[in-house]
Amino acid sequence: MNISIIGTGYVGLVTGACFAEMGNVVHCIDINDEKIKQLNNGIIPIYEPGLEELVSKNVQQEKLFFDNIYSSIEFADVVFCAVGTPPQEDGSANLQYVKSVAVEFGKNIKKHSAFIIKSTVPIGTANMIKEIIKGELIKREEDIQFEIISNPEFLKEGEAINNFMNPDVIIAGCETEYSKILIQSLYKKFDDSKIFITDILSSETIKYAENSMLAIRISYINDLANLCDKTGANIDEVSRGVGLDSRIGSKFLRAGCGYGGSCFPKDVKALIKTGEQHGVEMRVVKAAEETNNFQKHILYQKLYNAASKVDYPIKNITILGTSFKPNTDDMREAISIVLINDLLNDEKKLGPFNKIKIYDPIALNETKKIIGESNEKIEYCEELDKSIIDSDVIIIVTEWDVIKNMSLDVVKRLMNGNIIIDGRNIFNRKTIESLDFIYEAIGK
Ligand code: NAD
């Protein structure tokens, strides 16, 4: 098939490269000229394991193209909309980018083709988009048929290519037979049982329902972890035990310092907002958000507890991991940003610190863009060891393998103090305390 993908970010680029790999001709379009220039020069603007190889292979085979204009739409059998839908101040999703893509689709199509919404959009958006496209076609005085399909994306950054090539399920909201057949042929590589075709409003709802469900699980286990901290139970054991029940399962039950990222925080907000717009209070989802807002500050609280147990001043603090999760450079709503701001504001007056040393194997440049490079209290470290030298406290925020596998003996030798605050519960308390560390984790 001839496919255009509008929006060449995490979702658009992965989707484009994977559809090209499946034998289609794909044009990825973005309004960000710099991004398109980089891609045409073989530079991948984001970090996603395996993506560089996949893009380069399909570019060489002339199946994958990058452009900053919309002309490829006229030849497209399907046009995917994969632009961002960031949150607005009131929590609702900003649809300006999706709407402008719909206008371009209406202006440029020359034959019966489909507008497939991959961006995460509020329930009812597809109907609105349909009207926008119709309006453009009326302006052109053209009577071209088009399809509107909701096909939300469920990829996990860091595992995106594997998720695309081995999906649990492909959700598609279709309203015509033509649309259904189109979806079946687009995804013909996959078994029919993987494709769940439903109506458009339900498809749009499924996306928010899933992300909010996962956020609820995380917040629930974090609430329990905070209780375990008081009772003496071990949240890791509790999670394992609870997860063994097949009605519940073990995924998304790891306690930690809260969820971040480009999806959960914004999708939870958007679902609450959609509820409000329909006069329905989304009580459970609201509670998940409230819990997460509390949990995001837990590391600073833990640091404060640990500092009261030692008789040396906290001068140098090391933060290990800044991306919102491992295997990505994505810093959107990352917990590390909250922690760094908590430290810089230091309302509990733990300081004066000399330095906050920050290490991340991949996301350091993105971190600098957000936190800034000129703060004299902050030092960015390219090497893990360097970030630990003379440190009084290590705070683990993102569980990259390199951090999970660091030698605690070496850490002990390089540090000045002996506090480890483990925001992702990666270490075993007994092992770590046997090395004479003061260990603070989440609920164990
Ligand atoms: P992103 O910010 O990485 O990429 C969006 C891209 O769209 C940017 O490159 C931007 O320049 C481009 N763009 C904006 N307006 C445009 C226009 N009019 N024409 C062409 N290009 C335009 O966003 P993302 O993370 O890829 O997310 C895209 C959508 O997918 C969002 O709705 C998000 O909620 C959803 N989603 C994201 C993930 C994820 O893990 N990142 C997972 C599932 C769903």
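The structure reproduced in this document is the subject of the present report.

## A look at the environment of isoleucine 170
Alright, step 1. Summarising the element assignment, isoleucine 170 is placed in strand β7 (residues 170-173).
Alright, step 2. Taking the C-alpha atoms as reference points, isoleucine 170 and threonine 318, separated by 148 residues in sequence, lie 42 Å from one another.
Alright, step 3. The residues touching isoleucine 170, leaving out its near neighbours within four places in the chain, are Asn151, Tyr187, Phe190, Lys194, Ile195 and Phe196.

## Regarding unusual backbone geometry
Alright, step 1. Located in the positive-phi region is glutamate 333, a residue other than glycine, with phi close to 55°.
Alright, step 2. Although it is not a glycine, asparagine 425 adopts a positive phi angle of roughly 50°.
Alright, step 3. Positionally, asparagine 425 belongs in the loop between β13 (419-422) and α18 (429-434).
Alright, step 4. The exposure class of asparagine 425 is buried, given its relative accessible area of 3%.

## Quick notes on the side chain of glutamate 153
Alright, step 1. As for its placement among the helices and strands, glutamate 153 is situated in the loop between β6 (146-150) and α6 (160-165).
Alright, step 2. There is a polar contact of 2.9 Å between the side chain of glutamate 153 and the backbone nitrogen of leucine 155.

## Some remarks on the environment of serine 193
Alright, step 1. Mapping serine 193 onto the fold places it in the loop between α7 (177-186) and β8 (195-198).
Alright, step 2. Remark: the alpha-carbon pair of serine 193 and asparagine 226, spanning 33 residues in sequence, is separated by 40 Å.
Alright, step 3. In terms of polar contacts, serine 193 uses its side chain to reach the side chain of aspartate 191, at 2.6 Å.

## Description of helix α8 (residues 200-231)
Alright, step 1. For α8, with 32 residues, the first-to-last C-alpha span of 47 Å sits near the 46 Å given by 1.5 Å per residue.
Alright, step 2. Its side-chain oxygen at 3.3 Å from the backbone nitrogen of leucine 201, aspartate 199 defines the N-terminal cap of α8.
Alright, step 3. Glycine 232 sits one or two residues past α8 and shows a positive phi near 95°.

## Concerning the site of the ligand
Alright, step 1. Close to the ligand lie 28 residues; Asp30, Lys35, Tyr70, Thr85 and Lys266 are nearest.
Alright, step 2. One of the backbone nitrogen or oxygen atoms of valine 11 is found 2.8 Å away from an oxygen atom of the ligand.
Alright, step 3. With respect to the ligand, the side chain of arginine 332 contributes an N or O atom lying 2.9 Å from an oxygen atom.
Alright, step 4. Coverage of the ligand by the protein amounts to 90% of the 840 Å² it exposes when considered alone.
Alright, step 5. Within the residue set of the shell around the ligand, elements represented by two or more residues are α1 (10-21) and α4 (96-108).
Alright, step 6. With three residues, the single largest contributor to the shell around the ligand is α4.
Alright, step 7. Class assignment of the residues belonging to the shell around the ligand gives a composition of eleven nonpolar, ten polar and seven charged.

## Remarks on the pairing of strand β4 (residues 78-81)
Alright, step 1. Both faces of β4 are covered, namely the face carrying Val78 and Phe80 and the face carrying Val79 and Cys81.
Alright, step 2. As paired elements, strand β1 (residues 2-6) and β4 share four bridges and run parallel to each other. In the strand pairing of β4, serine 4 is matched with valine 79.
Alright, step 3. When β4 meets strand β5 (residues 113-117), the two strands line up parallel, connected through four bridges. Bridge pairing links cysteine 81 to isoleucine 117 in β5.
Alright, step 4. Chirality of the crossover, the property in question, places the unit of β4, α4 and β5 among those that are right-handed.

## Brief notes about the packing of aromatic side chains
Alright, step 1. The full count for this structure, using the stated rule, is eight aromatic pairs.
Alright, step 2. Residues tyrosine 187 and phenylalanine 190 carry aromatic rings whose centres are separated by 6.3 Å and whose planes lie at 35° to one another, so their mutual orientation is tilted.
Alright, step 3. We classify tyrosine 187 as buried; its relative accessible area is 3%.
Alright, step 4. Exposure remark for phenylalanine 190: the relative accessible area of 8% places this residue in the buried category.

Rules of the game
- Residues numbered from 1 in each chain as written.
- Predicted model: local features only at pLDDT ≥ 70, side-chain atom pairs only at ≥ 80, totals over all residues.
- Heavy atoms only, no water.
- Helix = DSSP H or I, 4+ residues; strand = E, 2+ residues; numbered from the N terminus.
- Contact = heavy atoms within 4.5 Å.
- Buried < 20%, exposed > 50% of the residue type's maximum accessible area, 1.4 Å probe, protein only.
- Polar contact = N/O pair within 3.5 Å; in protein donor to acceptor, adjacent residues only side chain to side chain.
- Expected span 1.5 Å × (residues − 1).
- Near = heavy atom within 4 Å.
- Areas by Shrake-Rupley, 256 points an atom, 1.4 Å probe, with all protein chains shown as cover.
- Nonpolar A, V, L, I, M, F, W, Y, C, P; charged D, E, K, R; others polar.
- Pairing = 2+ DSSP bridges.
- Right-handed = clockwise from strand over helix to strand, strands pointing away.
- Phe/Tyr/Trp six-rings, centres within 6.5 Å; stacked < 30°, edge-to-face > 60°.

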